[in-house]
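# Survey of secondary and tertiary structure
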Amino acid sequence: TTVHFWTEERYFDQPRFHVGRLKHTLRAKAVLCPSLHIRFTDEANPEQSEEWFYEEGLTDYLLDELEGAELVPERPVVAHFKGREEEADWAVAWIADDSELVAESYVNLIPTAQGGTHVNGFRAGLTDAIREFCEFRGLLPRGLKLAPEDVWGRCTYVLSVRMKEPLFTGQTKERLASREAAAFVSGVTKDSFSLWLNEHVADAER
């Protein structure tokens with residue numbers, strides 16, 4: 001598939017567009033669709049041309065974005081779940097140094113810069129899983145309970161959800177409002193991450 005486009009000057013204040021933002025969007029499509037090649041060619045500025053391909057999708061992308069950062073675990077935890085009408089993929093890790101966090105979420109390949117119910121569910125699932133692990137292994141002093149911020153503070157992730165008829169707030173679709181997404185993502189995240197924690201105790205205790 002090839003798409004050519006030009007800006008029609010009479011409809012815009014100026015014909016130029018934000019190349020960096022367009023590239024980020026195209027790169028995200030390659031991330032969310034593993035093994036898909038995407039090429040961007042700027043005929044006016046050939047040096048701007050670029051190509052993206054991620055064989056392992058979210059993992060490759062997150063590691064590229066966090067190059068040089070100290071991660072726990074060293075490779076992100078990845079998971080995929082498919083329900084009757086929803087599907088979720090994610091890659092998540094924690095940064096042990098002062099590197100900049102990556103926190104990106106998508107719904108049906110649409111970037112949700114302001115998060116929404118799917119991110120809320122992801123956050124709740126991670127928190128519940130880590131709380132249970134800490135309580136079961138006695139890793140916290142008596143009476144001390146983990147807050148979501150304790151888990152979320154240095155968390156870096158890419159979350160992708162696919163669902164039928166998503167409901168967004170606003171015309172720009174930057175925030176998901178579908179209630180069912182929170183319950184689905186929270187449930188599958190907790191189950192999957194709880195299993196990972198108990199299979200990788202050394203990393204989990206770090």
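The structure reproduced in this document is the subject of the present report. All of these numbers come straight from a predicted model, not from anything done at the bench.

## Quick look at the overall build of the protein chain
Across its full length, the protein chain carries 6 helices and 9 strands. Referenced to the eigenvectors of the C-alpha coordinate spread, the extents of the protein chain come out at roughly 65 × 35 × 30 Å. Across the protein chain, contacts joining residues at least 24 apart in sequence account for 65% of those joining residues at least 6 apart. Carbon and sulfur atoms make up 48% of the accessible area of the protein chain, which amounts to about 12,900 Å² in all.

## Considerations on the packing of helix α3 (residues 117-137) against helix α5 (residues 179-199)
At a minimum axis distance of 7 Å, the contact between α3 and α5 shows a crossing angle of 35 degrees. In the crossing of α3 with α5, the sense of the turn from one axis to the other is right-handed. Residues belonging to the contact of α3 with α5 are distributed by class as follows: 11 nonpolar, 8 polar and 4 charged.

## Looking at the sheet that holds strand β7 (residues 155-163)
In space, the 5 strands of this open sheet follow the order β3-β4-β7-β5-β6, with mixed pairing throughout. Each end of this open sheet is capped by a strand with a single partner; those strands are β3 (71-82) and β6 (110-111). In this sheet, β7 lies alongside strand β5 (residues 103-107) in parallel orientation, the contact comprising 5 bridges. Each residue of the ladder has a partner; that of Ala103, found in β7, is Tyr157. Seen against the sheet, helix α2 (residues 58-65) touches β3, β4 (86-95), β5 and β7 and runs at an angle of roughly 150 degrees to β3. Along the sheet, α3 contacts β4, β5 and β7; its crossing angle with β7, the most-contacted strand, is approximately 125 degrees.

## Focus: α2
When α2 is considered as a whole, its buried residues turn out to be Leu58, Thr59, Tyr61 and Leu62. Down the axis of α2, the buried side of the element spans an arc of 165 degrees, and every buried residue falls inside it. Here the buried face of α2 lies against α1 (19-32), β3, β4, β5 and β7.

Here is what the cut-offs are and how they apply
- Residues numbered from 1 in each chain as written.
- Predicted model: local features only at pLDDT ≥ 70, side-chain atom pairs only at ≥ 80, totals over all residues.
- Heavy atoms only, no water.
- Helix = DSSP H or I, 4+ residues; strand = E, 2+ residues; numbered from the N terminus.
- Contact = heavy atoms within 4.5 Å.
- Areas by Shrake-Rupley, 256 points an atom, 1.4 Å probe, with all protein chains shown as cover.
- Axes fitted to C-alpha atoms, helices over the stretch in contact; angles between N-to-C directions.
- Left-handed = near helix turned anticlockwise from the far one by under 90°.
- Nonpolar A, V, L, I, M, F, W, Y, C, P; charged D, E, K, R; others polar.
- Pairing = 2+ DSSP bridges.
- Buried < 20%, exposed > 50% of the residue type's maximum accessible area, 1.4 Å probe, protein only.
- Arc of directions from axis to C-beta.

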